[in-house]
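Working through the structure, step by step
Next come the chains, spelled out residue by residue.
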Amino acid sequence: AGDGSGAVAGDGTGPPAPERVLFPPTFSVSEIKNKQRRHFMFLRWKQQQRKEKLALKKKRRKEREALGDKAPPKAIPKTIENQRVYDETTVDPNDEEVTFDEATDEFAPYFNRQTVPKILITTSDRPRGRTVRFCEQLATVIPNSHVYYRRGLALKRIIPQCIARDFTDLIVINEDRKIPNGLVLSHLPDGPTAHFRMSSVRLRKEIKRKGKEPTEHVPEVILNNFTTRLGHSIGRMFAALFPHDPQFIGRQVATFHNQRDYIFFRFHRYIFKSEKKVGIQELGPRFTLKLRSLQKGTFDSKFGEYEWIHKRREMDTNRRKFHL
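Residues numbered from 1 in each chain as written. Predicted model: local features only at pLDDT ≥ 70, side-chain atom pairs only at ≥ 80, totals over all residues. Heavy atoms only, no water.

**With respect to the layout of surface pockets**
Test applied: Only protein atoms enter the calculation, which uses a 1 Å grid: trapped sets of points that fit a 1.4 Å probe without letting it out are cavities, open sets showing protein on both sides within 12 Å along at least five of seven lines are pockets, and any residue with an atom within 4 Å of a point is a lining residue. Grid points are joined across faces, edges and corners, and a volume is the space filled by probe spheres set on the points. Numbering of helices and strands starts at the N terminus; helices are DSSP runs of H or I of at least 4 residues and strands are runs of E of at least 2. Note that Gly is not counted as nonpolar here; it falls among the polar residues with everything else outside the nonpolar set of Ala, Val, Leu, Ile, Met, Phe, Trp, Tyr, Cys and Pro and the charged set of Asp, Glu, Lys and Arg.
Volume-wise, the largest pocket comes out at about 460 Å³. Forming the boundary of the largest pocket are 20 residues, of which R229, L230, S233, L294 and E307 lie nearest the centre. Every element with two or more residues in the lining of the largest pocket is listed here: α2 (96–104), α6 (229–239) and β11 (306–309). By residue class, the composition of the lining of the largest pocket is six nonpolar, five polar and nine charged.

**A closer look at the packing of α2 against α6**
Heads up, the rule is: To define axes, lines are fitted to C-alpha atoms, for helices over the stretch in contact only, and angles between the resulting N-to-C directions are given on a 0 to 180 degree scale. Put simply, angles under 35 degrees are roughly parallel, angles over 145 are roughly antiparallel, angles from 65 to 115 are roughly perpendicular, and the rest are oblique. For any helix crossing, the convention is left-handed if the near helix is rotated counterclockwise from the far helix by under a right angle, and right-handed if that rotation is clockwise. The criterion used for residue contact is that any of the two residues' heavy atoms lie within 4.5 Å.
Running from N to C, α2 and α6 point in directions that differ by 30°, and their axes come no closer than 13 Å. Taken as axis vectors, α2 and α6 run roughly parallel relative to one another. As for the relative orientation of α2 and α6, their crossing is right-handed in sense. Mapping the contact onto sequence places E97, V98, D101 and E102 in α2 and R229, H232 and R236 in α6. Here the residues of the contact of α2 with α6 are counted per class, giving one nonpolar, one polar and five charged.

**Here we look at empty space enclosed by the protein**
Under the counting rule described, the total for this entry stands at two cavities of 30 Å³ or more. For the largest cavity, the calculated volume is near 100 Å³. Along the walls of the largest cavity sit L138, I142, I171, L183, L185, F238, L241, F242, F256, F265, F287 and L289, which together make up its complete lining. Those elements giving two or more residues to the lining of the largest cavity turn out to be β4 (179–187) and β10 (286–295). Taken together, the residues of the lining of the largest cavity break down into 12 nonpolar, no polar and no charged. There is about 60 Å³ of room inside the second largest cavity. Along its surface, the second largest cavity is lined by D261, K290, L291, W308, H310, H323 and L324.

**Re the UniProt feature "domain: Brix" (unreviewed entry) in the chain**
Counted only if it meets this: UniProt positions are given in the numbering used here, feature names are shortened, and annotations may be inferred rather than shown by experiment.
Within this numbering scheme, the UniProt entry marks residues 117–300 as carrying the feature "domain: Brix" (unreviewed entry). Span residues 117–300 is 18% helix and 40% strand, its end C-alpha atoms 22 Å apart.

**Overview of the side chain of T255**
Within the secondary structure, T255 is located in strand β7 (residues 252–259). Setting aside chain neighbours within four positions, we find T255 in contact with I222, N224, F264, F265 and R266.

**Describing the nonpolar core**
What counts here: Think of a nonpolar core as a cluster: buried Ala, Val, Leu, Ile, Met, Phe, Trp, Tyr and Cys residues, connected wherever their side-chain atoms sit within 4.5 Å. Exposure is judged per residue with a 1.4 Å probe applied to protein chains only, and the accessible area is read against the type maximum: over 50% gives exposed, under 20% gives buried, and values in between give partly exposed.
Within the largest apolar cluster, 40 residues are counted, with the highest numbers of intra-cluster contacts made by I171, F196, I234, F238 and I263. The biggest single contributor to this core is helix α4 (residues 129–141), with five residues. Once residues within four sequence positions are removed from consideration, I263 is found in contact with F196, F226, I234, F238, F256, H257, N258, F287, T288, L289 and L324. Of all hydrophobic cores here, the second largest spans 10 residues; its members include L155, I158, F167 and V184.

**Overview of the pattern of salt bridges**
What counts here: Salt bridge, as applied in this entry: a Lys or Arg side-chain nitrogen positioned within 4 Å of an Asp or Glu carboxyl oxygen.
Considering all chains together, one arrives at 10 salt bridges under this definition. For E81, the salt bridge is made with R260, and the minimal N-O distance between the two is 2.7 Å. Within this pair, whereas E81 is found in the loop between α1 (35–67) and α2, its partner R260 is found in the loop between β7 and β8 (262–272), the two being separated by 179 residues in sequence. Judged by its relative accessible area of 38%, R260 falls in the partly exposed class. Close ionic contact of R236 with D105 constitutes a salt bridge, the shortest N to O distance being 2.9 Å. Of this pair, R236 sits in helix α6 while D105 sits in the loop between α2 and α3 (108–111), placing them 131 residues apart in sequence. Classification of R236 as buried rests on a relative accessible area of 10%.

**Looking at the packing of aromatic side chains**
Definition in use: Any two rings among Phe, Tyr and Trp, with Trp reduced to its six-membered ring, count as a pair given centres within 6.5 Å; such a pair is stacked if its planes are under 30 degrees apart, edge-to-face if over 60, and tilted if neither. The criterion for a charge sitting over a ring is simple: Lys NZ or Arg CZ within 6 Å of the ring centre, and within 35 degrees of the ring normal.
If you walk through the whole model with that rule in mind, you get 10 aromatic pairs. Seen in terms of ring centroids, F134 and F287 are 5.6 Å apart; in terms of plane orientation they differ by 85°. Their pairing is edge-to-face. Highlighted residues: F134 in helix α4 and F287 in strand β10, separated in sequence by 153 residues. Both rings, one in F242 and one in F256, keep their centres 6.4 Å apart while their planes meet at 70°; by these two values the pair is edge-to-face. Of the two residues, F242 sits in the loop between α6 and β7 while F256 sits in strand β7, which places them 14 residues apart along the sequence. Judged by relative accessible area, F256 falls into the buried class, the value being 4%. By the ring-pair criterion, three or more aromatic residues cluster together here, those being F134, F196, F226, F238, F242, F256, F265 and F287. Residue placement shows K118 over the ring face of F167; its charged tip is 4.7 Å from the ring centre. K290 extends its terminal NZ or CZ atom over the ring of Y262, reaching a point 4.5 Å from the ring centre.

Rendered as structure tokens:
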């Protein structure tokens with residue numbers, strides 16, 4: 001340095017060099033023509049974004065600690081769920097119309113304890129091994145359920161036989177390319193019938209850190225986020241599969257959790273470790289359902305009257321619009 005200040009570049013006594021900005025504000029990865037270079041720069045850009053986000057988070061945490069009790073309340077993050085478009089059919093538990101409908105619908109005999117659930121589980125014609133094992137495991141989850149195989153019988157012939165033998169519900173597991181991909185749930189004798197697309201099926205041996213085999217105790221049932229009239233009907237269909245009085249000694253619980261119109265099923269065993277801590281083990285199987293249609297009465301593919309049908313091009317135009 002020849003300006004007489006005595007500071008030598010790099011000796012630590014001069015002013016710190018400004019931090020080099022990795023990417024300018026107008027930077028756009030898509031402008032890079034080379035594919036490998038574009039991918040490499042995208043990863044570096046994502047890394048810088050994470051660093052900036054983490055630094056901002058630490059700064060805010062220090063500010064909150066400095067303010068103590070005077071710190072403003074934490075902002076609620078925006079999610080698709082809490083920005084959901086309001087649905088006019090959302091169920092109010094105190095609504096007299098809803099109470100009347102529940103007292104007179106097809107599930108009223110079950111909720112009035114006039115009927116005991118008895119379930120028939122069957123498959124599409126000539127099922128493969130994975131579908132057969134799934135049905136057998138599903139029968140250990142739902143009490144008083146029986147597995148029979150189609151052997152070429154049409155559903156219209158099976159349903160009268162089920163009614164004659166006092167079955168209250170019929171579950172049909174469909175498959176495609178040896179993988180279970182559909183579920184039909186029909187409440188007997190007067191319906192309704194729901195058709196679901198099934199995905200993400202995991203059998204017990206495919207679940208990591210699974211618990212021991214489930215016992216024969218009647219499980220508890222948890223239904224989450226079935227808030228609309230349609231969702232309320234679907235939730236009552238699932239509830240009607242299980243006996244009213246769970247046996248708490250078995251510590252087993254079946255959960256139907258609705259999130260963004262996807263119904264996630266899980267089967268767990270729990271144990272209370274202390275007054276505040278609970279340990280859970282997943283027993284399996286697990287699967288995800290997506291409602292495709294709800295039909296009045298029992299299964300009738302030609303002349304059935306539909307209450308609701310999922311039409312993708314008309315109904316999926318808004319990500320924040322949900323139907324269950």
